[in-house]
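Here are the chains, one letter per residue:
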Amino acid sequence: MAEKIHHIGIAVNDIQKSLNRWGQYLTFKKGDIEEIKTRGVKAVTLEFDEGPLIELLEALGSETPIRKFIDKHGEGIHHICFKTDDLDLKVRELKKKGVRFVQENPVSGAGGSRIIFMHPDNLNGVLIELKEEKE
Ligand code: ZN
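Before going into details, it helps to say that this report is about the structure given with it. (Residues numbered from 1 in each chain as written. Predicted model: local features only at pLDDT ≥ 70, side-chain atom pairs only at ≥ 80, totals over all residues. Heavy atoms only, no water.)

### Concerning the coordination of the zinc ion
Put simply, the ideal angle at a metal is 109.5 degrees for four donors in tetrahedral geometry and 90 or 180 degrees for six donors in octahedral geometry. Looking at the zinc ion, one finds its protein donor set to be His 7 (NE2), Glu 55 (OE), His 79 (NE2) and Glu 129 (OE), positioned 2.0 to 2.2 Å from the metal centre. Taken together, the four donor atoms coordinating the zinc ion and their angles of 85 to 174 degrees define a geometry best described as irregular. Between the donor residues of the zinc ion, the gaps in sequence give the motif H-x47-E-x23-H-x49-E. Here Glu 129 lies in strand S9 (residues 127-132) and Glu 55 lies in strand S5 (residues 53-59), a separation of 74 residues in the sequence. Glu 129 matches Glu 55 in its accessibility class, with the two residues each being buried. (Donors = N, O, S within 2.8 Å, 3.2 Å for Na, K, Ca; no water. Tetrahedral: all angles 85-135°; square planar, octahedral: opposite > 155°, others 65-115°. Helix = DSSP H or I, 4+ residues; strand = E, 2+ residues; numbered from the N terminus. Buried < 20%, exposed > 50% of the residue type's maximum accessible area, 1.4 Å probe, protein only.)

Here it is in structure tokens:
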């Protein structure tokens, strides 16, 4: 079965200001702003009628991946997230194919999910998140 795109992550300087701006131009259902301290981010999801969610990401502190990304590239698309039913199996399969991951093993993500990031070198410079949602 093909994967489903779960969300597109966008790095922003100020999540509240960005949320207001998106809300001025587009119509969506807003999730709760969630702080994921282990990953150094504040995140909120925007849900549209169809298609993937948009995830806005603000850095919590200067030595965090989002801060470093913005320092290097400016605000913008940070990653694409694919949903998978069995993350451990998927990671094992991909490791066999030589895929490099940012983390050694899956870590906790938003809403009690488990996630892992594939290094951008694997797919055309795009950071790919794989996500297994909480049962
Ligand atoms: Zn994400």
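### Remarks on unusual backbone geometry
The residue Asn 124 is not glycine, and still its phi comes out positive at about 55 degrees. Relative to the elements of secondary structure, Asn 124 occurs in the loop between strand S8 (114-118) and S9.

### Observations concerning helix H2 (residues 65-73)
Since the α-helix turns once every 3.6 residues, residues separated by three or four places project in the same direction. Within H2 the residues assigned to the buried category are Ile 66, Phe 69 and Ile 70. The buried residues of H2 occupy an angular sector of 95 degrees when projected down its axis, which confines them to one face. In this structure, H2 carries Asp 71 and Lys 72 as exposed residues pointing more than 90 degrees from its buried face. Contacts from the buried residues of H2 go to strand S1 (4-12), strand S4 (41-47), S5 and strand S6 (76-83). Just downstream of H2 lies Gly 74, where phi reads positive at about 85 degrees. (Arc of directions from axis to C-beta. Contact = heavy atoms within 4.5 Å.)

### What about the pattern of salt bridges?
Applying the stated criterion across every chain, the model contains 11 salt bridges. Among the ionic contacts, a cluster of salt bridges with common partners joins Asp 88, Arg 114 and Glu 132. (Salt bridge = Lys/Arg side-chain N within 4 Å of Asp/Glu carboxyl O.)

### Considerations on helix H3 (residues 87-96)
Residues Leu 87, Lys 90, Val 91 and Leu 94 constitute the buried set of H3. Across the axial projection of H3, the buried residues extend over an arc of 100 degrees, all falling on one side. Away from its buried face, by an angle of more than 90 degrees, H3 presents the exposed residues Arg 92 and Lys 96. Tucked inside the fold, the buried residues of H3 contact S8 and S9. Capping the start of H3, Asp 86 holds a side-chain oxygen 3.4 Å from the backbone nitrogen of Asp 88, two or three residues further along. Of the residues one or two after H3, Gly 98 is the one with positive phi, at around 90 degrees. (Polar contact = N/O pair within 3.5 Å; in protein donor to acceptor, adjacent residues only side chain to side chain.)

### Here's the deal with the layout of surface pockets
Roughly 600 Å³ of internal volume is contained in the largest pocket. Lining the largest pocket are 24 residues; nearest its centre among them are Pro 65, His 78, Val 102, Phe 117 and Leu 127. Those elements that place two or more of their residues in the lining of the largest pocket are H2, S6 and strand S7 (107-108). Here the element with the most residues in the lining of the largest pocket is H2; it accounts for six residues. Grouping the amino acids of the lining of the largest pocket by side-chain chemistry returns 13 nonpolar, eight polar and three charged. When its volume is computed, the second largest pocket comes out at roughly 200 Å³. What lines the second largest pocket is simply Met 1, Ala 2, Glu 3, Lys 4, Lys 83, Thr 84, Asp 85, Asp 86, Leu 89, Lys 90 and Glu 93. Among the elements that take part in the lining of the second largest pocket, H3 stands out by supplying three residues, more than any other. Taken together, the residues of the lining of the second largest pocket sort by class into three nonpolar, one polar and seven charged. (1 Å grid on protein atoms, 1.4 Å probe; cavity = no way out; pocket = protein on both sides within 12 Å on 5 of 7 lines; lining within 4 Å. Points joined across faces, edges and corners; volume = space filled by probe spheres on them. Nonpolar A, V, L, I, M, F, W, Y, C, P; charged D, E, K, R; others polar.)

Read these as spatial facts, not as claims about activity.
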